[in-house]
Amino acid sequence: MEHLNVMNKQLAVFLSLISFIVVFVSCNDAPSKDKVGILMGRAKVLVDETIAPIVEDQLNVFQSSYTNTELTMVSMPENQVINYLLRDSAQIAVTSRALTEQEIEFFKKKKIYPKMVKFATDAIAVITHKNNTDSTITVDEIVRLMKGNDIAGVRTMVFDNSNSSTVDYFRQLAGVEKLPEQGVYAMKTSADILRYVNENPQSVGVIGVNWIVQPPNDLIDYVNNVKLMGVRNQKGKPGDDAYYKPTQTNLALNLYPFTRTLYCINVQGKKAVGMGFSAFLHGERGQRLILKAGLLPDSIPSREIIIRK
């Protein structure tokens with residue numbers, strides 16, 4: 001009996017040792033943030049500051065769904081985002097434009113073939129103080145402001161940053177190389193636009209619509225004091241018959257004039273987490289988040305309606 005007890009103890013020790021080895025090996029083979037894969041690993045994601053709120057929501061849901069990923073968002077003006085990609089300071093970016101042919105060639109020379117996924121249509125909103133009696137503006141009036149001319153009822157127009165994508169958008173629209181010296185000013189961030197419009201009722205601000213639909217908690221009070229302006233397009237273009245606000249319906253019908261396409265750019269050059277995040281943005285869950293944020297998804301998520309007798 002004593003011999004049997006000794007054998008049982010030895011067997012127990014042996015089984016414990018085997019269990020430890022199995023657990024140790026399993027842990028080493030398990031997915032990890034330190035490993036590289038489509039749904040695992042760490043990366044920095046550079047984001048155009050004008051669309052930061054919606055991208056932050058996407059990142060939070062993606063990481064909560066795939067716990068072996070760790071994506072750090074860094075928001076900055078879009079020109080800086082592209083420069084960082086070209087300097088290899090990051091390999092994933094979310095922007096309001098695709099890479100140019102010259103930029104694509106730059107990466108190809110390094111044997112990297114950029115992957116660009118279109119995932120949403122964004123609107124650039126024009127806002128003013130909620131107490132401003134004027135709630136509409138025309139594209140032609142904005143062009144006049146960009147050229148340094150005055151328009152009735154507007155003292156100043158403000159952008160988030162001199163290097164931002166919104167400034168580039170309206171410079172190209174007006175055909176000017178830089179902002180005028182008077183009447184149009186660049187702040188530092190989108191939050192600064194909301195504060196400025198709150199304090200200057202006869203001003204208009206140019207801001208990504210997702211900052212209005214889903215503002216950060218510390219900016220909700222500012223957002224409650226502004227309103228979206230209706231915009232009428234130039235003669236002969238869609239939306240020239242009335243004043244339209246940046247609603248999803250107006251984006252889908254191409255009636256709101258200030259729209260742009262959002263892209264996820266991946267230059268990792270391998271099957272890594274950037275590929276997984278891009279797929280998530282364009283997948284059903286990512287597209288539903290876009291819909292919730294007030295933007296227009298690239299592919300409208302389907303809805304199943306069950307009719308009961």
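For the structure itself, consult the block above.
Note that the structure is predicted; figures quoted are calculated from it, not measured.

A. Fine view of the overall build of the protein chain. When helices and strands are tallied, the protein chain shows 12 helices and 12 strands. Within the protein chain, contacts between residues at least 6 apart in sequence are counted, and of these 74% link residues at least 24 apart. Accessible surface for the protein chain amounts to roughly 16,600 Å². Of this, 52% is attributable to carbon and sulfur atoms.

B. Looking closely at the pairing of strand 3 (residues 92-95). Going residue by residue along strand 3, you find I92 and V94 tucked away on one face and A93 and T95 tucked away on the opposite face as well. The pairing of strand 1 (residues 41-48) with strand 3 spans three bridges and is parallel. Across the sheet, residue V47 finds its bridge partner in strand 3, namely V94. Strand direction decides the pairing type here: strand 3 and strand 11 (residues 259-266), joined by four bridges, are antiparallel. Among the inter-strand pairings, T95 is bridged to a residue of strand 11, identified as Y263.

C. Focus on empty space enclosed by the protein. According to the stated counting rule, one finds one cavity of 30 Å³ or more in the structure shown. Space inside the largest cavity adds up to approximately 30 Å³. As for the largest cavity, its lining consists of L85, D88, A90, Q91, F107, K110, I112 and V267. Taken together, the residues of the lining of the largest cavity break down into five nonpolar, one polar and two charged.

D. The arrangement of the pairing of strand 1 in detail. Among the eight residues that make up strand 1, six are buried, leaving the element largely enclosed by the rest of the structure. Pairing of strand 1 with strand 2 (residues 69-76), which is carried by eight bridges, proceeds in the parallel orientation. By the bridge assignment, V45 is partnered in strand 2 with M73. Of the crossover connections in this fold, the one passing from strand 1 over helix 2 (residues 52-65) to the parallel strand 2 is right-handed.

E. Spotlight on the packing of aromatic side chains. Under the counting rule described, the total for this entry stands at nine aromatic pairs. Relative to F258, the ring of Y169 has its centre 6.2 Å away and its plane inclined at 90°; by these criteria the two rings are edge-to-face. Residue Y169 is found in helix 6 (residues 165-174), and its partner F258 is found in the loop between helix 10 (248-252) and strand 11; the two are separated by 89 residues along the sequence. Taken together through their ring pairs, the aromatic side chains of F159, Y169, F170, Y256 and F258 make up a single cluster. For R87, the ring lying beneath its charged end belongs to Y84, and the centroid distance is 4.9 Å.

F. Just unusual backbone geometry, in detail. A positive phi is found at D88, a non-glycine position, where the angle reads about 65°. Examined against the element boundaries, D88 turns out to sit in the loop between helix 3 (78-86) and strand 3. A positive phi angle, close to 65°, is found at K111, a residue other than glycine. Considering the arrangement of structural elements, one finds K111 in the loop between helix 4 (101-108) and strand 4 (115-129).

G. Highlighting helix 6. What helix 6 keeps buried is the set S165, T166, V167, D168, F170 and A174. Where helix 6 terminates, the next one or two residues include G175, which has phi positive at roughly 70°.

H. How the structure looks around the pattern of salt bridges. Tallying each qualifying case throughout the model produces seven salt bridges. The partner of K118 in a salt bridge is D298, with the nearest N and O atoms 3.8 Å apart. Residue K118 is located in strand 4, and its partner D298 is located in the segment after strand 12 (296-297); the two are separated by 180 residues in the primary sequence. Classification of D298 as partly exposed rests on a relative accessible area of 33%.

I. Here's a closer look at helix 2. Over its 14 residues, helix 2 runs 20 Å from end to end, which matches the ideal 20 Å to within 8%, given 1.5 Å per residue. Regarding helix 2, the residues found buried are A52, P53, I54, V55, Q58, L59 and F62. Next to the buried residues of helix 2 lie strand 1, strand 2, strand 3, helix 8 (210-213), helix 11 (273-282) and helix 12 (284-292).

Rules and cut-offs
Residues numbered from 1 in each chain as written. Predicted model: local features only at pLDDT ≥ 70, side-chain atom pairs only at ≥ 80, totals over all residues. Heavy atoms only, no water. Helix = DSSP H or I, 4+ residues; strand = E, 2+ residues; numbered from the N terminus. Contact = heavy atoms within 4.5 Å. Areas by Shrake-Rupley, 256 points an atom, 1.4 Å probe, with all protein chains shown as cover. Buried < 20%, exposed > 50% of the residue type's maximum accessible area, 1.4 Å probe, protein only. Pairing = 2+ DSSP bridges. 1 Å grid on protein atoms, 1.4 Å probe; cavity = no way out; pocket = protein on both sides within 12 Å on 5 of 7 lines; lining within 4 Å. Points joined across faces, edges and corners; volume = space filled by probe spheres on them. Nonpolar A, V, L, I, M, F, W, Y, C, P; charged D, E, K, R; others polar. Right-handed = clockwise from strand over helix to strand, strands pointing away. Phe/Tyr/Trp six-rings, centres within 6.5 Å; stacked < 30°, edge-to-face > 60°. Lys NZ or Arg CZ within 6 Å of the ring centre and 35° of its normal. Salt bridge = Lys/Arg side-chain N within 4 Å of Asp/Glu carboxyl O. Expected span 1.5 Å × (residues − 1).

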